[in-house]
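# Residue-level structure breakdown
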Amino acid sequence: MTLSNQTAFGKVAVLMGGRSAEREVSLRSGRAVLQALLSAGVDAHGIDVGRDVLEVLARGAYDRAFIILHGRGGEDGVIQGALELLDMPYTGTGVAGSAVGMNKLMSKRLWRGADLPTPDYRVLESGFDPVAVVEALGLPLIVKPALEGSSIGMSRVNRVEDLSAAFEVAAACGGPVFAERWITGREFTAAILDGEPLPLIRLETPRSFYDYEAKYAAEDTRYHCPCGLDPEAEAAVQALALAAFEGVSGRGWGRVDLMMDAGGKAWVIEVNTVPGMTDHSLVPMAARAAGLDFQALVMKILATSLTPGAR
């Protein structure tokens, strides 16, 4: 083992799994992160997070936590708040930024307040008027649950008569539901690492949008890095992504998803404060383009837990 890594980080809990709809992806991410930490000589231990997680952490006398929990309970400020109670350092974004970043509606409202471009939207509640929504946003549009990640519960709507069914799918996830204007164009993602945007990745999928299957299972999703933009245009999109990430108080590492319309204008779609780290994931892909292998990326993320007061 590497003594310096043991000394710097102590005993590390890799928090994975949990009880959200993204549990399986989190377990895959967590296993990859755990192996990278062990290979780097870190005294790391995987913990499948349950209701007794605080007891497990206290009993295990851990020094810090690497959070690789996706979705509710792990990416929304809940586990971050629990770790604050234990006075335990952890990776990534803090309580407030995690809560805002997980809530797509709250993120959009903050971006609007900061004059950052994000597509128009309408909150949908039981008994809403589909015709009025389509008149406001046009077709196609996309319906989303505000509190889920990995495209869970999302539907593209091409006809007004399909809007109510899409609402029911999203509402089944719990929490607010909204419809968002569809941006036709190219899709990009920008990984953020320690205050710096990594090279952009342009995504292509034959599906109607970059859904759960395209993200984690499909073999026909194409990833372009270099992304195809000229350096000036790429730098502008990276700057927008960083502003969007910092606008929701994102810290340490994360990912911002954007669309670029036919006129070349970039629109912020959503932010991820604990992105995936699987073999299909985008942050490791962007890191490789920046010259960082997976182990180096994981160690840089772990190092964000050393910064006192950053959250």
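That block above? That's the structure.
Residues numbered from 1 in each chain as written. Predicted model: local features only at pLDDT ≥ 70, side-chain atom pairs only at ≥ 80, totals over all residues. Heavy atoms only, no water.

Helices and strands together make up the secondary structure of the protein chain, namely twelve helices and 13 strands. A compact globule built from 311 residues should have a C-alpha radius of gyration of about 19 Å, and the protein chain, at 19 Å, falls within 12% of that. If you line up the protein chain on its principal axes, its C-alpha atoms span 60 × 45 × 35 Å. If you sum the accessible surface of the protein chain, you get close to 13000 Å²; carbon and sulfur atoms cover 51% of it. Here the protein chain contributes 29 positively and 38 negatively charged side chains, and the mean placements of these two sets differ by 1 Å. (Helix = DSSP H or I, 4+ residues; strand = E, 2+ residues; numbered from the N terminus. Rg over C-alpha atoms; globule rule 2.2 N^0.38 Å. Areas by Shrake-Rupley, 256 points an atom, 1.4 Å probe, with all protein chains shown as cover. Lys, Arg positive; Asp, Glu negative; His and termini not counted. Charge placed at Lys NZ, Arg CZ, Asp CG, Glu CD.)

Over its 17 residues, helix α2 (residues 23-39) extends 24 Å from the first C-alpha to the last, a length consistent with the 24 Å expected when each residue adds 1.5 Å. Backbone geometry just after α2 places glycine 41 at a positive phi near 85°. (Expected span 1.5 Å × (residues − 1).)

Pairing within the open sheet is antiparallel, and its four strands lie in the order β4-β7-β5-β6. Both outer strands of the open sheet, β4 (121-124) and β6 (155-157), are each paired with one neighbouring strand and no more. The sheet shows a mean angle of 25° between the axes of neighbouring strands, taken without regard to direction. Relative to strand β7 (residues 177-181), β4 runs antiparallel, the two sharing four bridges. What sits directly across from tyrosine 121, in β7, is glutamate 180. (Pairing = 2+ DSSP bridges. Axes fitted to C-alpha atoms, helices over the stretch in contact; angles between N-to-C directions.)

This paragraph deals with the packing of aromatic side chains. Following the criterion strictly, the structure yields two aromatic pairs and no others. Above the face of the tyrosine 62 ring, lysine 11 is positioned so that its terminal group lies 4.6 Å from the ring centre. Lying across the ring of tryptophan 182, arginine 156 places its NZ or CZ 4.5 Å from the centre. (Phe/Tyr/Trp six-rings, centres within 6.5 Å; stacked < 30°, edge-to-face > 60°. Lys NZ or Arg CZ within 6 Å of the ring centre and 35° of its normal.)

Counting 48 residues, the largest nonpolar core has Leu15, Leu37 and Phe66 as the members making the most contacts within it. Not counting the four nearest positions on each side in its chain, leucine 15 is found in contact with Ile47, Val49, Val53, Leu57, Ala65, Phe66, Ile67, Ile68, Leu69, Ile79 and Leu83. Counting residues in hydrophobic clusters, the runner-up holds 22 residues, among them Trp111, Ala190, Val237 and Leu258. (Core = buried A, V, L, I, M, F, W, Y, C linked by side-chain atoms within 4.5 Å. Buried < 20%, exposed > 50% of the residue type's maximum accessible area, 1.4 Å probe, protein only. Contact = heavy atoms within 4.5 Å.)

Right, let's talk about the packing of α2 against helix α12 (residues 294-303) for a bit. Relative orientation and spacing of two packed helices are given, respectively, by the angle between their axes and the distance between those axes. Interaxial distance between α2 and α12 falls to 9 Å at its minimum, and their mutual angle equals 90°. With respect to each other, α2 and α12 are oriented roughly perpendicular. Judged by residue contacts, Ala32, Val33, Ala36, Leu37 and Ser39 of α2 engage Phe294, Gln295, Val298, Met299 and Leu302 from α12. Looking at the contact of α2 with α12 residue by residue, the classes come out as eight nonpolar, two polar and no charged. (Parallel < 35°, antiparallel > 145°, perpendicular 65-115°, else oblique. Nonpolar A, V, L, I, M, F, W, Y, C, P; charged D, E, K, R; others polar.)

Let us now look at the pattern of salt bridges. Side-chain pairing between opposite charges can occur once the charged atoms of the two side chains come close. Across all of its chains, the model carries eleven salt bridges by this definition. A salt bridge links glutamate 148 to arginine 72, with the shortest nitrogen-to-oxygen separation between them at 3.6 Å. Separated by 76 residues along the polypeptide, glutamate 148 in the loop between β5 (141-145) and β6 and arginine 72 in the loop between β3 (64-67) and α4 (78-85) bring together distant segments of the chain. Since its relative accessible area comes to 9%, glutamate 148 is described here as buried. (Salt bridge = Lys/Arg side-chain N within 4 Å of Asp/Glu carboxyl O.)

As a further point, take the environment of glutamate 204. Along the chain, glutamate 204 turns up in strand β10 (residues 201-204). Sequence separation between glutamate 204 and alanine 146 is 58 residues, and the spatial gap between their C-alpha atoms is 24 Å. Beyond its immediate stretch of four places on either side in the chain, glutamate 204 contacts Asp220, Thr221, Arg222 and His224. A polar atom in the side chain of glutamate 204 sits 2.6 Å from the side chain of histidine 224. (Polar contact = N/O pair within 3.5 Å; in protein donor to acceptor, adjacent residues only side chain to side chain.)

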